[in-house]
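Chain and residue survey
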Amino acid sequence: PDADFLKVPLNIRLPQSGSILFETESSGDSKIVNSINNIILRLLSVAPAGKLSFSIFDPVGLGQNFASITHLSDYEDSIINKRIWTQREQIETRIMELNEHMEKVIQMYLRNEYETITDYNEKAGNIAEKYHFLVIADFPTNFSEVAARGLMSIAANGARCGIYTLIHWDKRQALPEALDIDDLRKSNILIEQNKEGRLSLVNGLEKGTSLHLESPPGSNDSINFVQRIGDESS
């Protein structure tokens, strides 16, 4: 009570709140990109080997924003779905594949027995389903109307099925008509960056509380860690 400030960590909790939406007015913001990379590495550090996968979209950076993560494809390409996706058609296809996966989970695993994939996994043991994170930099670059509708479906149903989103939204860009940004916000932890670069957690912290995002380890340390994950997953 005598301290001038209190510093506490923030945690993603699965299955309740695993998705994050970063709102900025810039493209390829290094602070946000670094934070997303750090979240990916932290997720890999706590998940059992082979029980976590990612689909990563980097249409502006062409994959450079997640360069250290791409080393995973040298070991087990399914962890990052083979590569970083950049083109409009690729993004649309992968979004549709994730929607098909949600249909499979709901119809084959959840049915009327389980509320979430976490409930199912507790009983499934070795055949437990993976958790999946859809990572999007510079949204909505290269998003078609079809991809936008698919993303809204993931926002509405993904958490139940073990699919979460980590999205960097460049607010300067026009959104697809099919996308309701308010619905997307409701399904995410919302982090906003103002014009001065200050970050705030919109739906969680009291006014006046500052938010500090951690950066990932240095390049060599990140690569070494990713290679260890790849060895254990292959």
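First, a word on scope: everything that follows refers to the structure included in this document. Being a predicted model, the structure only gives us computed values, none of them experimental.

The next subject is the side chain of Gln-193. Along the chain, Gln-193 turns up in strand β5 (residues 189-193). Residues contacting Gln-193, with those up to four places away along its chain left out, are Glu-23, Thr-24, Ser-26, Asp-29, Lys-31, Arg-198 and Leu-199.

A side chain with one charge can pair with a side chain of the opposite charge if their charged atoms come near. Tallied over the entire structure, the rule returns 8 salt bridges. Between Asp-170 and Arg-172 there is a salt bridge, and its shortest N-O distance comes to 3.0 Å. For Arg-172, a relative accessible area of 55% gives the class exposed. The salt bridge partner of Arg-185 is Asp-182, with a shortest N-O separation of 3.6 Å. Here Arg-185 and its partner Asp-182 are both found in helix α5 (residues 181-186), 3 residues apart, which amounts to about one turn of the helix. For Arg-185, a relative accessible area of 25% puts it in the partly exposed group. Note on Asp-182: relative accessible area 42%, which makes it partly exposed. The network of salt bridges with shared partners includes Glu-23, Lys-171, Asp-182, Arg-185 and Glu-192.

Before going further, it helps to examine helix α4 (residues 145-161). Here α4 is 17 residues long and its end C-alpha atoms lie 23 Å apart, about the 24 Å a rise of 1.5 Å per residue gives. Among all positions in α4, only Ala-147, Ala-148, Gly-150, Leu-151, Met-152, Ile-154, Ala-155, Gly-158 and Cys-161 are buried. On the buried face of α4, the contacting elements are α2 (88-110), α3 (117-124), β3 (131-139), β4 (163-170) and α5. Looking one or two residues past α4, Gly-162 carries a phi angle of roughly 85°, positive in sign.

The next point concerns the sheet that holds strand β1 (residues 20-24). Backbone-to-backbone hydrogen bonds pair the strands of a sheet. The strands run either parallel or antiparallel. Pairing within the open sheet is mixed, and its 6 strands lie in the order β2-β3-β4-β1-β5-β6. Sheet topology places β2 (52-57) and β6 (199-201) at the edges, where each strand pairs with a single neighbour. Sheet twist, expressed as the mean angle between neighbouring strand axes with direction ignored, is 15°. Inspection of the sheet shows β1 paired to β5 by 4 bridges, in the parallel sense. Bridge pairing in β5 links Phe-22 to Ile-191. Packed onto the sheet, α4 meets β3 and β4 and runs at close to 145° relative to β4.

For the rest of this paragraph, the subject is the pairing of β2. Buried residues dominate β2, accounting for 6 of its 6 residues. Neither face of β2 is exposed, since Leu-52, Phe-54 and Ile-56 on one face and Ser-53, Ser-55 and Phe-57 on the opposite face are all buried. Two strands pair when backbone bridges link them, and β2 and β3 are joined in this way by 6 bridges, in the parallel orientation. Following the sheet pairing, Phe-57 is matched in β3 by Ile-136.

What follows is about helix α6 (residues 219-233). Between its terminal C-alpha atoms α6 stretches 21 Å, which fits the 21 Å expected from 15 residues at 1.5 Å a residue. In this structure, the buried side of α6 is in contact with α1 (30-46).

Counted by the stated rule, this structure contains 7 aromatic pairs. Plain terms: the ring middles of Tyr-114 and Tyr-120 are 5.6 Å apart, the flat faces sit at 85° to each other, and that makes the pair edge-to-face. The pair Tyr-114 / Tyr-120 is uniform in exposure class, with both members buried. Here the aromatic cluster, defined as three or more aromatic residues joined through ring pairs, consists of Phe-54, Tyr-131, Phe-133 and Tyr-164. In this structure, Lys-171 packs its charged tip against the face of Trp-169, placed 5.9 Å from the ring centre.

Attention now moves to the pairing of β5. Note: β5 against β6, 3 bridges, orientation antiparallel. Bridge pairing in β6 places Ile-191 opposite Leu-201.

How each quantity is defined
Residues numbered from 1 in each chain as written. Predicted model: local features only at pLDDT ≥ 70, side-chain atom pairs only at ≥ 80, totals over all residues. Heavy atoms only, no water. Helix = DSSP H or I, 4+ residues; strand = E, 2+ residues; numbered from the N terminus. Contact = heavy atoms within 4.5 Å. Salt bridge = Lys/Arg side-chain N within 4 Å of Asp/Glu carboxyl O. Buried < 20%, exposed > 50% of the residue type's maximum accessible area, 1.4 Å probe, protein only. Expected span 1.5 Å × (residues − 1). Pairing = 2+ DSSP bridges. Axes fitted to C-alpha atoms, helices over the stretch in contact; angles between N-to-C directions. Phe/Tyr/Trp six-rings, centres within 6.5 Å; stacked < 30°, edge-to-face > 60°. Lys NZ or Arg CZ within 6 Å of the ring centre and 35° of its normal.

Geometry only, nothing functional implied.
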